[in-house]
Amino acid sequence: MTTSLNLDILRAIPSGNQEQLKVVLMGDLDAVLRTQDFLAVVKFAEKKFWSNPQPIGTSSEYISVLIRKSASRPAAQVSE
């Protein structure tokens, strides 16, 4: 079975009622950088918007953070 990913949801950030969203990548430096590249290719976020990967303590893991606006919240329903 082939799985397809609808990338349209990643391409546009709708306007309106938005909240701040924090995306965190943690892991091997190469994995963090490859994931940033992939997320740029699918138009989720350009690499320039990620923080520079920083080492976590004494381990070989790194962390990089992206802060952006989330998708709009659905309009509140009015009950009668």
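What you are looking at is a predicted structure, and each value in this text was computed from that prediction instead of being measured.

### Quick notes on the overall build of the chain
Phase 1 of the analysis: Secondary structure assignment for the chain yields 2 helices and 3 strands.
Phase 2 of the analysis: Mapped in sequence order, the helices and strands of the chain form the string α-β-α-β-β.
Phase 3 of the analysis: Taken over 80 residues, the chain has a buried fraction of 18%.
Phase 4 of the analysis: Restricting to contacts in the chain with at least 6 residues of sequence separation, those with at least 24 account for 59%.

### A closer look at the pairing of strand β3 (residues 61–69)
Phase 1 of the analysis: Of the pairings in the sheet, the one linking strand β1 (residues 20–28) to β3 comprises 9 bridges and is antiparallel in character. Paired with Leu25 across the strands is Ser64, a residue of β3.
Phase 2 of the analysis: When strand β2 (residues 54–55) meets β3, the two strands line up antiparallel, connected through 2 bridges. Within the sheet, the bridge partner assigned to Gln54 lies in β3 and is Ile63.
Phase 3 of the analysis: Hairpin connection, β2 to β3: the antiparallel pair is bridged by 5 residues, and Gly57 has positive phi, about 55 degrees.

### Points about the confidence of the model for the chain
Phase 1 of the analysis: Averaged over every residue, the pLDDT of the chain is 77; residues scoring 70 or more account for 64%.
Phase 2 of the analysis: Per-element confidence in the chain ranges from a low mean pLDDT of 46 for helix α1 (residues 8–11) to a high of 96 for helix α2 (residues 29–41).
Phase 3 of the analysis: Below pLDDT 50 for its whole length, residues 1–7 participates in 1 contact with residues either more than four positions away or in separate chains.
Phase 4 of the analysis: Counting interchain partners and residues more than four positions distant, the pLDDT-below-50 stretch residues 9–13 has 9 contacts.

What counts and what doesn't
- Residues numbered from 1 in each chain as written.
- Predicted model: local features only at pLDDT ≥ 70, side-chain atom pairs only at ≥ 80, totals over all residues.
- Heavy atoms only, no water.
- Helix = DSSP H or I, 4+ residues; strand = E, 2+ residues; numbered from the N terminus.
- Buried < 20%, exposed > 50% of the residue type's maximum accessible area, 1.4 Å probe, protein only.
- Contact = heavy atoms within 4.5 Å.
- Pairing = 2+ DSSP bridges.
- pLDDT = per-residue confidence, 0-100.

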